[in-house]
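Close look at the chain arrangement
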Amino acid sequence: MPMAMARARKSIPPLLIVALPAAVLLAFFVVPNLLLLSASFLKSEAQQLTTQPTLDNYRFLLTRPLYLEVFARTFTVGIAVGVLDLLLGFPLAYFLVRTKSRWKGLLIALSLAPLLASVVVRTYGWYIILNRFGFANDVLLGLGVIGERIAFMPSTGAIIIGLAHALLPYAVLTIMGSLNGINPHFESAAMSLGADRMRTFLYVLLPLCLPGIAGGFLLVFSIAISAYATPAILGGPATQVAATAIYNFIIQLLDWSLGAALAVILIAATLLLLYGAGRLGERRATL
Amino acid sequence: MSVRRAFNRWRATAAPWAVLRAFVVFVYVFSLGPILITAAVSFNATNRSFFPPRGFSLRWWERAFAPEWVDPLLFSLKLGSLTAVVATALALPLAFALYRYRFRGRQALIALTLGPLMMPTLVTGVGLLQLFQQLGWREQLGFTGLLVGHVVICMPFAVRTVSVSLQTLPPNVELAAASLGATRIATLRWVVLPLVKTGVVAGGVFAFIHSFTDVNLSIFLARPGETPITVRILGFLEFGFAPTLAAVSVITLIVPLALVAVVERVSGLGDFIYGERRRA
């Protein structure tokens, strides 16, 4: 076998067969991102990118209260959506993994089906519910909870609800993956040793599926902070997030420098967070 | 047994599960409700998106089938299908090389392959727009630009599914074929490819759906007349919320749903989303 492998390695060098896909990724993924990085350090004049290097783009974005607010809102939305999806997704994932229902397959399919709809479609439903003349206002008026119609949107809260809804399947999928690897007998063992449900959950189940929970949070968080469609529909000019601000800079204002710098800050913050979470995970693993 | 003890037992064993079930019902309502509401709204007789719908009419559906909506829908279908074909064609050798060989730069290649998955799609979209503009490829924005962008962001999905099916390949089939006199190419064509067919199909389906539902990249690379349906809906949302949009939304939901249902029938697509251990 080693000889056959050695011969195979000689007859089709891997570099040859991966050359085309690797070239495509280099040309249309790595190069564009490098261009973007370089644009963030260049000066824009009269809606044109110049070749003058500068740090002003970053200075501008990191000192204006308007953009600091955009960053704060973006990360608040990301964290809120992540937490909300864990609270909703964990019980659902636990149920789906442990249920002995005949309908298990169908229930799993139903919980993941929203992934097939575009975010635009999924957010449209929330518009119907949350707008001033929408379902939520009708219900609350009918019940006498509110005296007059109130605007639930545009608001940061509406963005959070819409994104939590759109990204829930990602949390469920990740947590389900980690719960699947946990032997259900661990729980019965803990309970037969006298732990009640709560203690079993806190001291047995939760620590065991912590990687899945952390993974689900990070996945949802990182998609949420770069989401464009939901904040564009459920938010407004007063509730800008990073993605809508980038779009405005580049498409409306044609300011490549600021748009690029904003994108770089967004990525840097995300990578830092992912790196930090990874380090934290390692620390836990060594303890 | 006293009532009290029976209650305590119920509280200790059955009750938590009952509470969990009630909560799960709530989560399903939260998750599927807005989609069902959208579907209901499309049958409104009035020209506002009322829920519950007032009256019943099919006129919004009639409008949803006007060229104004059908054209971007067909555009998205064309773009998604071509993306699926190109992305899987590129992913196949990539997945095969990563699975089959250990070579210098393999880790770098893995990072390169999964990169588009890590990087926000929006950022890749902006970068591609900049690249196209600097190269003077303004004419290529629209279909060509979108195809390039979608292939890049969909390739990781295809590589992943193909890798999963390569890992389930029985270990010695290739050697068996070779010892029976098959050449490398013949082995690949007649043994490996048929065995990983499901993975390739699944990769294509994922790529199609990812392309069909994408917004973040498409908003930068589309141009008037060459716009995917999602971008078209988003553009329309800024002006108004006629129930036509609800009808269009339902149509765009049915397309991937039907595709998955058909492919699931033909080959076990579900295995790639959930239950990989079932095959191991």
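Keep in mind the model is a prediction, meaning the values are calculated, not measured.

The next point concerns the nonpolar core. Judged by nonpolar contacts, the single largest core of 148 residues is most densely connected at A:Leu163, A:Leu167, A:Ala224, A:Ile246, A:Leu262, B:Ala91 and B:Ala158. With 16 residues, helix 8 (residues 156-180) of chain A is the single largest residue contributor to this core. When residues of this core are assigned to domains, at least three map to each of domain 1 (3-41) and domain 2 (60-278) of chain B. Residues contacting A:Leu163, with those up to four places away along its chain left out, are A:Val77, A:Val81, A:Ala224, A:Ala227 and A:Thr230.

A word on the interface of chain B and chain A. Each partner contributes to the interface: chain B provides 66 residues, whereas chain A provides 64 residues. In terms of residue count, helix 2 (residues 14-41) of chain B provides more of the side of chain B that touches chain A than any other element does, 14 residues in total. Across the side of chain B that touches chain A, the residue classes tally to 51 nonpolar, 13 polar and two charged.

A word on the confidence of the model for chain B. Low-confidence regions, as indicated by low pLDDT, have predicted coordinates that should not be scrutinised in detail. Residue and element names in this part refer to chain B. For chain B, the mean per-residue pLDDT works out to 85, and 92% of the residues sit at or above 70. Of all secondary-structure elements in chain B, the lowest mean pLDDT belongs to helix 14 (residues 270-273), at 59, while helix 11 (residues 218-221) reaches the highest, 94. Across residues 275-280, where pLDDT falls below 50, the model places seven contacts with residues more than four positions away in sequence or in other chains.

All names here are of chain A. Relative to the 36 Å expected for 25 residues at 1.5 Å per residue, helix 8 spans 35 Å between its end C-alpha atoms, a close match to the ideal helical length. Along helix 8, the sharpest change in direction is near 45° and occurs at Leu167; proline Pro169 comes one to four residues later. With respect to burial, helix 8 is a largely interior element, 20 of its 25 residues being buried.

Time to look at the confidence of the model for chain A. Residue and element names in this part refer to chain A. Per-chain confidence: chain A averages 86 in pLDDT, with 93% of residues scoring 70 or above. Across chain A, the secondary-structure element scoring lowest on mean pLDDT is helix 1 (residues 2-11), at 48, and the one scoring highest is helix 4 (residues 65-98), at 94. For residues 5-11, every residue scores under 50 in pLDDT, and the model assigns this stretch three contacts once sequence neighbours within four places are set aside.

Our focus in this paragraph is the packing of helix 6 (residues 119-130) of chain A against helix 2 of chain B. Contact geometry for helix 6 of chain A and helix 2 of chain B: axes closest at 8 Å, N-to-C directions at 75°. Classified by the angle their axes make, helix 6 of chain A and helix 2 of chain B are roughly perpendicular. Taking contact as the criterion, the partners of A:Val121, A:Arg122, A:Tyr124, A:Gly125, A:Trp126, A:Ile128 and A:Ile129 in helix 6 of chain A are, on helix 2 of chain B, B:Pro34, B:Ile35, B:Ile37, B:Thr38 and B:Val41. Of the residues in the contact of helix 6 of chain A with helix 2 of chain B, the class split is nine nonpolar, two polar and one charged.

About the cut-offs
The residue numbering used here restarts from 1 in each chain and proceeds along that chain's sequence as written. Going through the entries in the order they are written, you letter the chains from A and number the ligands from 1. In keeping with the model being predicted, local features are shown solely for residues with a pLDDT of at least 70 and side-chain atom pairs are shown and tallied solely at 80 or more, while totals for entire chains, interfaces and linings include all residues. A set of buried residues drawn from Ala, Val, Leu, Ile, Met, Phe, Trp, Tyr and Cys, joined through C-beta atoms within 7 Å, is what defines a nonpolar core. Residue burial is a threshold on neighbouring C-beta atoms within 10 Å of the residue's own C-beta, all placed from the backbone, with 20 or more meaning buried, 12 or fewer meaning exposed, and counts in between meaning partly exposed. Starting at the N terminus, helices and strands are each numbered in turn, a helix being any DSSP run of H or I of at least four residues and a strand any DSSP run of E of at least two. Each domain's limits were defined by an automated method or a database of domain assignments. The contact criterion used is a C-beta to C-beta distance within 7 Å, with each C-beta placed from the backbone. Charged means Asp, Glu, Lys or Arg here, nonpolar means Ala, Val, Leu, Ile, Met, Phe, Trp, Tyr, Cys or Pro, and polar covers whatever is left, Gly included. Per residue, pLDDT captures the predictor's confidence, and it can take any value from 0 to 100. Multiplying 1.5 Å by the residue count of a helix minus one yields the expected span of that helix. Bend at a residue means the angle formed by two fitted axes: the first through the 7 residues ending at that position, the second through the 7 residues beginning there. Axes, fitted as lines to C-alpha atoms, cover a helix only where it is in contact. Angles between the N-to-C directions of the axes lie from 0 to 180 degrees. Should an angle fall under 35 degrees it is taken as roughly parallel, and over 145 as roughly antiparallel, whereas 65 to 115 is taken as roughly perpendicular and any remaining angle as oblique.

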